Amino acid sequence: MPNHFSSTETYDNYMGRWSARFAPLFLDFAGVSDGERALDVGCGTGALSRALALAVPRSEIVGVDPSEPFIAYARAHGADSRIKFEVGNALELSFSDAAFGQSLSLFVFMLIPDGEKAAGEMRRVTRPAGTVAVCTWDSGDGGMELVSTLCDEAVKLDPAVEELRADRSMKYNHRGQLTELFEAIGLENIEETGIEFGMEFSSFDDYWLPYLGGVGPVGAYIQDLSPEDRDALREALRKRHLGKKEDGPFSLRKRAWSVKGTVPS
Ligand SMILES: C[S@@+](CC[C@H](N)C(=O)[O-])C[C@H]1O[C@@H](n2cnc3c(N)ncnc32)[C@H](O)[C@@H]1O
């Protein structure tokens, strides 16, 4: 997988800000328990770890991510001595068995090539009866308007974008797939839910400028366009989101699938 996750400020403007808004909703669903160590797999710039620090004020929290720049940024913005950020890979966690009371992962499993291995690692490092919880974006109809509206307009200008829309490397991004994953690794008491929220933009630039940082597959596509093609796409999206208005706020819908299960006792 090309590394689209190394630029920290641009990631935070593009996606991290939504992770920070979304993380408390995911934790409400997962039902974390205070006083027990918590693991954040694929912590990125640290949004879920920081939300955990508020939700479980007596717990130690460990965030792992393979991106060194993200870990350096997360350390600098951790703001809580109970959070430790480490470079690490979901496919081969460096922790001993049952080292955590709960293991969570936010917006990572769509990108991991071997989900069963990564989920199995989360199960291994979680104590018996502890919770494992994973959340991914929905790529189905209406699930992620941020990406689907952009692809709608981009495909009118360049039919090859159909490939980007149907990004076959994305996984676990439709209802039921995370439940199947948790069943496959032998978790119990599995529950899955869809969580929706609105992404509010204060202006067109608030929406558009983060794409220019090249974060994620869509950002990389936009960054590679010629200036003329980029301007054409920008104008089409401006019309789509603002209509005849010169500028102003607008919002897009986002849905995510969350699953939780417990490790057999
Ligand atoms: C969309 S970001 C989500 C980051 C963070 N959880 C958040 O919600 O802001 C995806 C993250 O998955 C990480 N990632 C990709 N492959 C990974 C792997 N094999 N193990 C752990 N993290 C991985 C990336 O480095 C990136 O930080």
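To keep things clear, this report deals only with the structure shown in the data block. Here the structure is a predicted model, which is why all the values come from computation and not from measurement. Here the residue numbers are simple positions, counted from 1 along each chain's written sequence. Per-residue local features are limited, in this predicted model, to residues with pLDDT of at least 70; the limit for side-chain atom pairs, both in listing and counting, is 80 or more; totals at the level of whole chains, interfaces and linings are taken over all residues.

Helix numbers and strand numbers start at the N terminus; a helix is a DSSP run of H or I with at least 4 residues, a strand a run of E with at least 2. Summing up its helical and strand segments, the protein has ten helices and seven strands in all. To get the radius of gyration, use the C-alpha atoms; to get the globule rule, take the number of residues to the power 0.38 and multiply by 2.2 Å. Here the protein has a C-alpha radius of gyration of 19 Å; the compact-globule value for 265 residues is 18 Å, and the two agree. Once the C-alpha set of the protein is aligned to its principal axes, its extents read approximately 60 × 35 × 30 Å. Residues with at least 20 neighbouring C-beta atoms inside 10 Å of their own are called buried, those with 12 or fewer are called exposed, and the rest are partly exposed, where every C-beta is derived from the backbone. Here the protein holds 265 residues, and 39% of them are scored as buried.

This paragraph deals with the site of the ligand. Lining the immediate surroundings of the ligand are 23 residues, of which Ser-19, Gly-42, Gly-44, Ser-67 and Ala-90 lie closest. With three residues, the top contributor of residues to the shell around the ligand is helix α1 (residues 8-30). When its residues are assigned to classes, the shell around the ligand shows 15 nonpolar, seven polar and one charged. Each residue receives a C-beta atom built from its backbone; the residue is near a molecule or strand if that atom lies within 6 Å of it. For this classification, the nonpolar set comprises Ala, Val, Leu, Ile, Met, Phe, Trp, Tyr, Cys and Pro, the charged set comprises Asp, Glu, Lys and Arg, and every other residue, Gly included, is treated as polar.

Glancing now at the sheet that holds strand β7 (residues 250-262). One bridge is not enough; two strands pair if DSSP finds at least two bridges between them. Ordered by their spatial adjacency, seven strands build an open sheet running β3-β2-β1-β4-β5-β7-β6, and the pairing between neighbours is mixed. Each end of this open sheet is capped by a strand with a single partner; those strands are β3 (83-87) and β6 (188-201). Along the sheet, successive strands turn relative to each other by an average axial angle of 20°, direction set aside. Sheet topology places strand β5 (residues 126-137) next to β7; seven bridges connect them, and they run antiparallel. Axes here refer to lines fitted to C-alpha atoms; in helices the fit is confined to the stretch in contact. Angles between the N-to-C directions go from 0 to 180 degrees.

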